[in-house]
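Commentary on secondary and tertiary structure
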Amino acid sequence: MNLRAFLTGIHPRPEILIKKIRDYERGRIEKEELEVFFRTESEKVIQLQLQNGITSVIDGMLKWDNLIAPFAHSVSGLREDGLIRWFDNNTFYRKPIVTDELLPSGPILEDMTYHELLKGKPSRVVVPDPYTFATVCEDRFYRSREKLMMDFSQILNGELKNLEKLGISEVQFSAPSLVMAEPAKADLEIIQNAMEQSIASLRMKVCLQTFFGSVRNLLPEALELPIDSLGIDFSETDLRDIQDYDFDLEVSCGVINSRQSLMEEPDRIAAFIRRLREKLSPPSIALCPNCDLEFLPYHLAEKKLQILSESLRHLRVERN
Amino acid sequence: MIEAAANWGKRLGVENYQELVDILRGGNVPEKSPAMENWASLYAIRFFESAGLDVVYDGEQRRVEMYEHLLEFVSGITVLGIVKVWGNNYYRKAAVHGQVGLIKPYHSEEFVFVRDNARKEVKVPVTGPYTLADWSYNEYYTKRRQEVEDPSVKRLEAKRDLVLDVAKKVLRPNVKHLVELGAKRIQFDEPAATSRKEEVELFVEAINAVVTGIDCEFSIHNCYSNYEHLFPYIADAKVKEVVLECANRDGKSLGTDSESRGGYKVVNMFREYAGHLRIGPGVIDVHVDEVESPELVRDRLLYCAQKMGSPESIVACNDCGLRTRSWDVAYSKELSLVEGARLAGQEYG
């Protein structure tokens with residue numbers, strides 16, 4: 001059985017970078033100097049992953065204030081409004097208001113991603129899934145979730161095609177809205193169509209990473225989506241609730257809880273994965289944090305990455 | 001800094017402000033000293049009083065921040081490091097590694113100073129039990145539930161244990177102490193209260209565990225979240241008043257119709273479920289420099305009073321704390337708040 005590991009979102013910023021961003025905001029340093037720090041720290045995050053046996057790397061997403069911000073800032077037809085809570089976390093984002101037709105206004109992710117640092121390595125980019133994007137916006141233009149999702153999917157598709165040309169081999173659609181509650185039956189077909197449009201003509205591996213809720217809220221429909229890997233948050237999902245489904249795709253196991261400081265034990269993770277393998281029989285398994293590691297301080301995110309690495313080693317030794 | 005102390009001292013009518021100016025001119029002023037904290041507190045009290053507010057505190061001048069400040073008074077909890085709140089803003093987050101308890105009462109000296117120096121009524125802001133628990137990593141109580149198989153049940157049970165211990169063993173003795181010192185109004189700052197719909201009932205249970213039997217007027221402040229989650233549970237909270245952020249999500253045009261006042265939809269829900277409560281729907285956005293006009297404040301208040309059916313049910317207030325604004329902007333906003341409330345009151349004769 002194929003076994004791999006990866007990170008699933010925004011990495012915490014190290015204190016030096018936090019300070020430099022503040023310096024830039026207060027006019028104490030120029031943009032070029034800040035950019036040097038972003039690049040240096042992104043290189044470190046990439047190296048950290050490689051040292052810990054991560055098989056598909058991200059650049060750390062250190063420039064991302066949150067999952068939505070790059071699109072809120074750059075997509076024509078959106079403007080940012082007041083602060084609002086990011087799902088059930090003590091983090092906040094400026095809610096995008098849809099005021100006009102969503103249109104691309106230049107490449108977004110090419111500028112936000114250090115694709116040149118990822119060249120030559122299996123690499124992934126993380127984006128919001130269209131349904132999650134639609135639910136965190138306030139739509140004052142389309143008045144139709146379907147139209148909003150389909151137009152956003154088109155923008156996503158353009159961005160992903162561009163990143164694929166630049167060497168990125170995998171896309172993760174972060175999809176908390178799909179599992180925090182059961183999506184309405186009327187939305188399921190739109191979710192499918194939007195996903196298909198987002199990945200049209202792409203050769204990238206496609207992962208749908210669900211978190212902040214139990215994946216049972218999206219079963220069995222999740223298994224019909226055009227994806228290669230389904231991410232499950234096991235701090236929210238009880239294995240017993242999903243064991244009767246047929247998982248004919250990679251299961252990306254969110255076994256590291258990014259929202260708690262309690263350190264997981266690699267042998268307990270390995271025991272859990274053995275149980276999962278027995279119950280679900282997926283063709284391949286990935287180990288990962290349940291969501292973005294940015295809910296932890298930088299040094300604890302590093303420790304959790306080490307635990308991920310040790311868990312992977314446990315399982316690879318067993319397999320061999 | 002010296003010029004600011006002199007200008008604001010004069011503008012706000014701070015008694016003996018020249019003493020502070022002389023101290024600052026002398027140099028060698030320690031960055032943190034009880035005397036400087038007292039001056040900061042006095043300036044803030046006069047700031048709100050001179051702007052015309054009826055109920056004041058000292059802008060929490062002595063507190064680093066609403067969560068971190070009180071951690072040194074609580075046993076079983078240790079700061080681990082910084083995590084993001086929004087953008088490039090962070091807070092120092094702690095982990096609960098043992099059973100929580102109160103080491104010694106907090107906010108006492110701060111409150112006594114405000115009590116003895118304020119000329120208007122005083123309301124003490126205190127971080128509420130649910131928020132204190134929710135903003136911490138829950139290591140100890142989670143380990144106690146290690147054998148629970150369902151992860152979401154494990155999380156909920158561990159959370160419940162933590163929240164109720166914080167309420168009974170930390171907040172309640174602290175609140176009792178403040179009341180013994182003379183506190184007549186206490187506001188529980190609970191920004192986390194509506195983070196999880198399935199935990200709002202627990203939040204209300206925790207508030208009630210703190211306040212039951214204590215002779216004081218209690219209120220709750222919640223902000224930047226989904227207020228629908230408050231209902232119907234908030235009706236059972238043993239408090240007199242609920243204060244909310246609303247201006248942040250409202251339009252800027254004048255008007256007392258529903259379309260103009262989209263940020264105040266929550267008031268309808270209070271009328272339906274909890275009409276006995278007094279509501280403080282924030283009419284001042286504390287995260288932008290643009291100063292609301294008194295007319296905009298007036299219209300926001302009038303809309304809410306119409307929805308609740310009575311002006312006595314509505315209190316004019318800010319969305320939240322003003323710490324991210326300069327004093328110039330903050331003062332202008334407070335003047336607008338007071339003038340707007342006066343204009344709204346005029347409509348009722």
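What comes next concerns the included structure. Since the model is a prediction, treat every value here as computed from it, not as a measurement. (Residues numbered from 1 in each chain as written. Chains lettered and ligands numbered in written order. Predicted model: local features only at pLDDT ≥ 70, side-chain atom pairs only at ≥ 80, totals over all residues. Heavy atoms only, no water.)

1. Some thoughts on the overall build of chain B
The line we're drawing: Only DSSP runs of H or I covering at least 4 residues are called helices, and only runs of E covering at least 2 are called strands; the numbering of each starts at the N terminus. For a compact globule the rule gives 2.2 Å times the number of residues to the power 0.38, and the radius of gyration it is set against comes from C-alpha atoms. Only protein chains enter the accessibility calculation, which uses a 1.4 Å probe; a residue is then buried when its area is under 20% of its type maximum, exposed when over 50%, and partly exposed in between. Here the Shrake-Rupley method, with its probe set to 1.4 Å, supplies the accessible areas, and only the displayed protein chains count as covering residues.
Looking only at helices and strands, one finds 11 helices and 10 strands in chain B. Over its C-alpha atoms chain B spans a radius of gyration of 21 Å, differing by no more than 12% from the 20 Å that the globule rule assigns to 349 residues. The buried share of chain B, taken over its 349 residues, is 56%. Surface exposure of chain B reaches about 14,800 Å², of which carbon and sulfur atoms provide 49%.

2. A few points about the overall build of chain A
Heads up, the rule is: Whether two residues are in contact is decided by their heavy atoms, any of which lying within 4.5 Å being enough. Charge assignment: positive for Lys and Arg, negative for Asp and Glu; neither His nor the chain ends contribute. To locate a charge, take atom NZ for lysine, CZ for arginine, CG for aspartate or CD for glutamate.
In terms of regular secondary structure, chain A is built from 11 helices and 10 strands. A globule of 320 residues ought to have a C-alpha radius of gyration of about 20 Å, and chain A, at 19 Å, matches this closely. Considered along the principal axes of its C-alpha atoms, chain A spans approximately 50 × 45 × 35 Å. Expressed as a percentage of the 320 residues in chain A, the buried residues total 63%. Put simply, 74% of the contacts in chain A that link residues at least 6 apart link residues at least 24 apart. Approximately 12,500 Å² of chain A is accessible, and the part contributed by carbon and sulfur atoms is 45%. With 40 positive and 51 negative side-chain charges, chain A shows a separation of 4 Å between the mean positions of the two kinds.

3. Observations concerning the sheet that holds strand S9 (residues 241-244) of chain B
Whether parallel or antiparallel, the strands of a sheet pair through hydrogen bonds between backbone atoms. All names here are of chain B. For clarity, the cut-off: At least two DSSP bridges between two strands are needed for those strands to be called paired. Only the contacting stretch of a helix is used when fitting its axis, a line to C-alpha atoms as for every element, and angles between N-to-C directions run 0 to 180 degrees.
Strand order across the open sheet formed by 5 strands is S5-S7-S8-S9-S10, with parallel pairing between neighbours. Every other strand in the sheet has two partners, leaving strand S5 (124-127) and strand S10 (278-281) as the edge strands with one partner each. Adjacent strand axes in the sheet meet at a mean angle of 25 degrees when their direction is disregarded. Alignment of strand S7 (residues 185-189) against strand S8 (residues 217-222), held across 5 bridges, turns out to be parallel.

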